[in-house]
Amino acid sequence: MKALTHGRFRGLDGHAALFDLATGPAAAPLASLRIAILERDIGRVTLRRPEGYRLDRGWAIAPDRMEPPFEGRPRDDISGFANPATTASEDGGIVTLAAAGLRARVRLDPFGIAWYRDGEDQPFLQDRPTQAYLLSRKTNALLHAMERHEDERHYGLGDKAGPLDRTGRRFSIDAVDPCGFDAELSDPLYKMLPFFIVDGARGAHGIFYDNLALGSVDLGCTIDNYHGLFRFYRAEDGDLDYYVLAGPTVSEVTRRFSWLTGGQAFAPRWTLGFAMTTMTIADAPDADARITGFIEDCRRHGIRCDSFHFGSGYTSIGNRRYVFNWNRDKFPDPAATMARLKASGMQPVTNIKPCLLDDHPRLSEAKARGILVADGGTGEPAVAQFWDGLGFHVDFTNPKGRQFWADGIRDALLAYGVTAVWSDNNEYEIWDEDAVCNGDGRPFPQTLARPAQALLMHKLAYETQAAQAPGKRPYTITRAGGAGIARYGQTWSGDNETAWKTLRYNLTQGLNMSLSGFYNIGHDVGGFHGPSPGPELLCRFVEFCALWPRMVMNSWKSSGIVNTPWMHASVLPQVRSVMELRHSLIPYLYTQMWRAALEDVPPVRPLLWDFASDAIAATVEDAFMLGPDLLVAPVLGEGATTREVYLPAHPGGWYDWHDGTPFEGGRTITVAAPLGRLPLFARAGSIVPIEDDRGLTAIVFGAPDRGGSGLVYIDDGETSDWRKTGRTIEFHLRRDDSGLVLDVSGAELSAPIRLRGVGVPNLRLAGTVE
């Protein structure tokens, strides 16, 4: 690669500063570079080769929910941003670009950019002073290097494995199908997301590279004496187009990144219940009877299950799977099966995969319609290795491909009563270097945009379901993709391994997914792959997964044994108790999902989110916050019957959810944690809504001098018009001469709210629901 070390300022181009970059003062320019301030806390740097962009569009950027079309958003489109008035000045080889809230100080030789917030004299982000920008004229590779500081911690990058703090590691920007992955060490996993957050003495900031090609992010793994401390992003192809998010807190960076990429879809309320799936049931010759048996087992064991997710075995012919095909030997009447599930309170969800195997019944039709990713050298469909053999991927950048897929979802699934679809195995592992996407009539190499295929598959599922059921919010799931997939639905950590280590590192994996803008997430309960869990591990898995937005028990075991809540009778009462805890907290969890969709606030987040000034909280990697009020500390180790938990400093302290024991904040405590008792704590001053068969109860925890407050969001659970028709109930705790009074205001209720106080003497309910 060539190091672009010399810049020449060409002036303002609209609101952006434009530079030519070269290898030296007398060398011809090899690229142009634009620096723009899009918002008071968002900057952007775009590098362009003389021949133009490698890919002139993208699918990730959707500021303030501005939905990109299927054909992509033009890379130079700046609509949706405030684009504040900007000034530029040059003095002594330094160019300063400034707008309200943010400024960039650009050194021309050696070329580098330093970013400053208003009122600060030290940059929060600065390019490496030695060779910060490198570009290949032979392979289209590129590299951007930044200065790094010893005190900095790094978060993000989506579903990557390992600890919460990514510092010192290098990660692939790539996606594969890593069934049974090691949650500590495996890389890559399913998603391609070159976004990370840096937090240190200079506050927090984020960087997002809007490039969908293969690459890597190095967060201090590489040490080179010639350059000092640094981190870098490298791509094998594509364009250098990155966004700087100024923070200055981790929470502000995450929320702004969510805003930048379109936010989080608001799923129907029923999706927060427990769900069940396994490949084994749909693979079985008597699959329909097994589903009937599962419904009866739930009733017999007292397990509430809100949805059943079909593994792809319903599509089989022999031992292979063929999307949109129903195996009528297993399912003689699919509509009757769906009706039976719904009558039992379970919404049916079906798995779909984007690869047509080389003997798919509709392959000839797909080839004739030209809807498959093509081999640009031969014009034939590009061959890829898939799960059951060789196959060909549907091209979602092709309007005809999208129509084929939408017709399949509507006619083969939704028409039979399927409620939702689950897009799986969509990492698009097409390694043919000549593979070409249709690009809505403007073809481009598949290597430039693999995760875009998964995003568009997800988007299409969302829009097809929305069209089939107008007025209802769709529920869609995707395993793969990149920035932007959250705006259509849910994702999860993938095919995890049944192991104790998985609990610890699925936790940090999930927290980094949350910090990366993926808010509707969870983990396969019990572990998907590997040995069957014993009674203790099964129970701890249920506890661990119970308070994430997605709680789906999913497994495939070579033994044929299926993970079920009742697989170990010795812990069934404990498992049932934990699942009942989850269902009681659905009003609270639903409110947090509403806030995620409305305000870009993740329901699940690390302690550092809510307690940024607590230095110890920043280091906690074995617990998480669920919303602003609940601290969850699952047991992660084998044989443990107690749990050490750090409770951050907080006025009034914390209360044990189960027995109301008060604890001071700012210290580590040890609590009993027998099987079935998930360590859970409510902060003093919180008012948490729960529900049971009798209706809604507001639990008031503690009485700090500043009072307390709470909120619950209520709608019909599925309306698409939730921004207008939904209502909130607000709780406010105050003192009067006779004690503590809880005021309730907001939505009209069909039944009164019950009241319970924990550590609150002389509490009474006052006011009326207006």
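Everything numeric in this text was worked out from a predicted model, so none of it was measured.

Here is what the cut-offs are and how they apply
Residues numbered from 1 in each chain as written. Predicted model: local features only at pLDDT ≥ 70, side-chain atom pairs only at ≥ 80, totals over all residues. Heavy atoms only, no water. Helix = DSSP H or I, 4+ residues; strand = E, 2+ residues; numbered from the N terminus. Contact = heavy atoms within 4.5 Å. Lys, Arg positive; Asp, Glu negative; His and termini not counted. Charge placed at Lys NZ, Arg CZ, Asp CG, Glu CD. Phe/Tyr/Trp six-rings, centres within 6.5 Å; stacked < 30°, edge-to-face > 60°. Buried < 20%, exposed > 50% of the residue type's maximum accessible area, 1.4 Å probe, protein only. Lys NZ or Arg CZ within 6 Å of the ring centre and 35° of its normal. Pairing = 2+ DSSP bridges. Disulfide = S-S within 2.5 Å. Domains from an automatic or database assignment. Buried area = accessible area lost by both parts, 1.4 Å probe. Salt bridge = Lys/Arg side-chain N within 4 Å of Asp/Glu carboxyl O. Polar contact = N/O pair within 3.5 Å; in protein donor to acceptor, adjacent residues only side chain to side chain. Nonpolar A, V, L, I, M, F, W, Y, C, P; charged D, E, K, R; others polar.

Helix and strand counts for the protein chain come out as 13 helices and 51 strands. For the protein chain, the proportion of contacts with a sequence separation of at least 24, taken over those separated by at least 6, is 66%. Put simply, the protein chain has 80 plus and 95 minus side-chain charges, and the middle of one group is 1 Å from the middle of the other.

On inspection of all chains with the given rule, the structure shows 38 aromatic pairs. Ring geometry for Y209 and Y242: centres 5.5 Å apart, planes at 45°, overall tilted. Here the residue Y209 occupies a position in strand β18 (residues 203-209), and Y242 occupies one in strand β21 (residues 241-245), the gap between them amounting to 33 residues. There is no split in this pair, since Y209 and Y242 are both buried. A connected cluster of aromatic rings, assembled from ring pairs, spans F294, F308, F310, Y314, W326, F331, Y416 and W566. Geometry around Y53 places R48 over its ring, the cationic atom sitting 4.5 Å from the centre. Its guanidinium or amino end placed over the ring of F266, R473 lies 4.0 Å from that ring's centre, counting from NZ or CZ.

With that settled, the discussion passes to the sheet that holds strand β1 (residues 2-3). To summarise the sheet geometry, strands pair through backbone hydrogen bonds and adopt either a parallel or an antiparallel arrangement. Strand order across the open sheet formed by 6 strands is β1-β13-β14-β20-β19-β16, with antiparallel pairing between neighbours. Pairing within the sheet leaves two strands with one partner each, and these edge strands are β1 and β16 (170-173). In terms of strand pairing, strand β14 (residues 142-147) meets strand β20 (residues 230-235) through 6 bridges, oriented antiparallel. Bridging across to β20, E147 finds its partner in F230.

Attention now moves to the state of the cysteines. Across all of its chains, the model carries 0 disulfides by this definition. Not engaged in a disulfide, the cysteine C437 finds its nearest cysteine sulfur in C355; these two sulfurs lie 14 Å apart.

Looking at the protein chain, the domain boundaries give domain 1 (269-599), domain 2 (606-679) and domain 3 (685-769). Each of domain 1 and domain 3 has a C-alpha centre, and these two points are 36 Å apart. Contacts between the two partners involve 15 residues from domain 1 and, on the opposite side, 16 residues from domain 3. Roughly 1,500 Å² is buried in total at the junction of domain 1 and domain 3, and carbon and sulfur atoms are behind 60% of that figure. Residues D715 and R473 are paired through a salt bridge, measuring 3.3 Å at the closest nitrogen-oxygen approach. At the boundary of domain 1 with domain 3, the tally comes to 10 residue pairs in polar contact (both at pLDDT 80 or more). For the side of domain 1 that touches domain 3, the elements supplying multiple residues, two or more each, are α10 (572-584) and α11 (586-599). Top element by residues in the side of domain 1 that touches domain 3 is α11. It accounts for 8 residues. Among the residues making up the side of domain 1 that touches domain 3, the classes are represented as 8 nonpolar, 4 polar and 3 charged.

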